[in-house]
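Results of the structural survey
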Amino acid sequence: MSSSLPSHNQPGESSSLLPSNIPTTESASRSQGQQTEQTGAMSEINTLLTGAAFGAALTASGVFQPSVIISQLNFTNFHMIQTFLTAAAGSAATVSIAQALQPNHPNLVPRAASSLGLFGPYDGNILGGILLGSGMMLSGACPGTVLAQLGVGVKSGVYAFAGASLAGVVWSGFLKPLLTQCPTPPKAGSASPSPKATVHEVLGVSKGTLLLGLEAMFVGIVIAAAKFTEVGPEAKIPPYYGGMLIAGAQLLSLVVRGCLVGMSTSYEEVGGWMLGGKLVPEKYRNMLFSAGVIVGSYLLSHGAPKFGEVTDVVVSPLSAAVGGFLMILGSRMAGGCTSGHGISGISLLSMSSFLTVGATFAAGGLMGLLIG
């Protein structure tokens, strides 16, 4: 009787007992590796394209302009609020539908509270929002629009970006570790969600009731602002059309990347990388999204020059740099910015996002009234 399992292989013989058309473990692993590389490359392309769409939407809407942000915060022009509320309303509708289709989607959960352990579970959101709003008024930018300013070529945006980058280094290398080592507060920006993480839970109403109420309120404010106020030359298209474009970019991000937009995390990750941190794919893609914002703004402003026409407003280099520093420090303390909390977080009905946005506009408006 001959053995079916030879004890040694002869030269030129295969050690596989499988038919030749079935891949061996080595070839299967190689094929799986190639598929992983292809998937990773496609993910990076999608991230870049989604960022470009978001940057183009910010540019087309006109909210990237320092004059629009500053005039909103000193209550002389309501272009920004029309765009912002339209984007938030459209994004909330999109997220609500996505949650109904995929109730357990890991990227569609309410944003966590950011606690510093000072005076409550949301103290990081409130204090961070105050710094973010103050920085926006000083710089005429926010963490997302400053990237659009770089793409278009707004001079003050360069100084604001420099201050923002420095804040990313300070936060990653010094403040975040310091807050993490404190015995009482959890890690800023990533605390566990409270039992009542959403506004409808806090108010004791149904999610549908709150969502319909918010949509009606946002639409009402936009209609009133459009009817009773005038916008400046920055509005190449009606501000609410710009908000629809931003909401469309949010939809694209959700469909293509499976997650919502947010900008300030990339500054923290760049800061950590500059301090010698390891650049993992997830962080690389966050920075790639930010790079896409710059590219999209550049392409639109050069392909359609009217969108690159910037209304002059005095923002000194020092003011822009200090404002850029404060807005990133604040957004990381709060665990998000006007994109992550303002558009995405509000869409998730997150309590932390409503508090952050409220503190942001209250502080920015107060500073706008003080400095004009």
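Residues numbered from 1 in each chain as written. Predicted model: local features only at pLDDT ≥ 70, side-chain atom pairs only at ≥ 80, totals over all residues. Heavy atoms only, no water.

The name an unreviewed UniProt entry assigns to the protein is Sulphur transport domain-containing protein, from the organism Podospora pseudoanserina. Annotation of the protein in UniProt includes, under Subcellular location (unreviewed entry), the sentence "Cell inner membrane". (UniProt positions renumbered as here; feature names shortened; annotations may be inferred.)

Digging into the nonpolar core
Among the nonpolar cores identified, the biggest contains 53 residues, and Phe54 and Ile246 are the most heavily contacted of them. Per element, the largest residue contribution to this core is 7 residues, and it comes from helix H3 (residues 79-101). Among all residues touching Ile246, those that are not within four sequence positions of it are Phe54, Ala57, Leu58, Ser61, Val63, Thr83, Ala87 and Ile343. Residues Val95, Leu108, Leu254 and Leu348 belong to the second largest nonpolar core, which totals 6 residues. (Core = buried A, V, L, I, M, F, W, Y, C linked by side-chain atoms within 4.5 Å. Buried < 20%, exposed > 50% of the residue type's maximum accessible area, 1.4 Å probe, protein only. Helix = DSSP H or I, 4+ residues; strand = E, 2+ residues; numbered from the N terminus. Contact = heavy atoms within 4.5 Å.)

Notes on the environment of Ser165
Relative to the helices and strands, Ser165 is located in helix H6 (residues 155-181). Under the relative-accessibility criterion, Ser165 is labelled buried at 19%. Between the alpha carbons of Ser165 and Met274 there is a distance of 9.8 Å; along the sequence they are 109 residues apart.

Structural notes on the side chain of Ser264
Structurally, Ser264 is set in helix H10 (residues 264-274). Of the residues examined, Ser264 reaches a relative accessible area of 2% and is grouped as buried. Discounting chain neighbours no more than four positions away, the residues touching Ser264 are Pro143, Ser331, Arg332, Gly336 and Cys337.

What about helix H14 (residues 351-371)?
The terminal C-alpha atoms of H14 lie 30 Å apart, and with 21 residues this matches the ideal 30 Å at 1.5 Å per residue to within 8%. Inspection of H14 places Met351, Ser352, Ser353, Thr356, Val357, Ala359, Thr360, Ala363, Gly364, Gly365 and Gly368 among the buried residues, and these make up the whole buried set. The inward-facing, buried residues of H14 abut helix H2 (66-73), H3, helix H4 (123-139), helix H7 (199-203), helix H12 (317-334) and helix H13 (340-347). (Expected span 1.5 Å × (residues − 1).)

Some thoughts on the layout of surface pockets
Taken as a whole, the second largest pocket holds about 160 Å³ of empty space. What lines the second largest pocket is Leu147, Phe161, Ser165, Ser266, Tyr267, Val270, Met287, Ser290, Ala291 and Ile294. Breaking the lining of the second largest pocket down by element, the ones donating at least two residues are H6, H10 and helix H11 (281-303). At 4 residues, H11 tops the list of elements feeding residues into the lining of the second largest pocket. When the residues that make up the lining of the second largest pocket are grouped by side-chain class, the tally is 7 nonpolar, 3 polar and no charged. (1 Å grid on protein atoms, 1.4 Å probe; cavity = no way out; pocket = protein on both sides within 12 Å on 5 of 7 lines; lining within 4 Å. Points joined across faces, edges and corners; volume = space filled by probe spheres on them. Nonpolar A, V, L, I, M, F, W, Y, C, P; charged D, E, K, R; others polar.)

Description of the environment of Gly342
When you line up the elements, Gly342 lands in helix H13. A relative accessible area of 0% places Gly342 in the buried class. Spatially, the C-alpha atoms of Gly342 and Thr360 are 9.6 Å apart, while their sequence positions differ by 18 residues. Residue contacts for Gly342: discarding those within four places in its chain leaves Phe84, Ala88, Cys337 and Val357.

Some points on H13
Most of H13 sits inside the fold, with 8 of its 8 residues counted as buried. Those residues of H13 not exposed but buried are Gly340, His341, Gly342, Ile343, Ser344, Gly345, Ile346 and Ser347. Packed against the buried residues of H13 are H3, H4, helix H8 (207-228), helix H9 (239-256), H12 and H14. Looking one or two places after H13, you find Leu349, whose phi comes out positive at around 60°.

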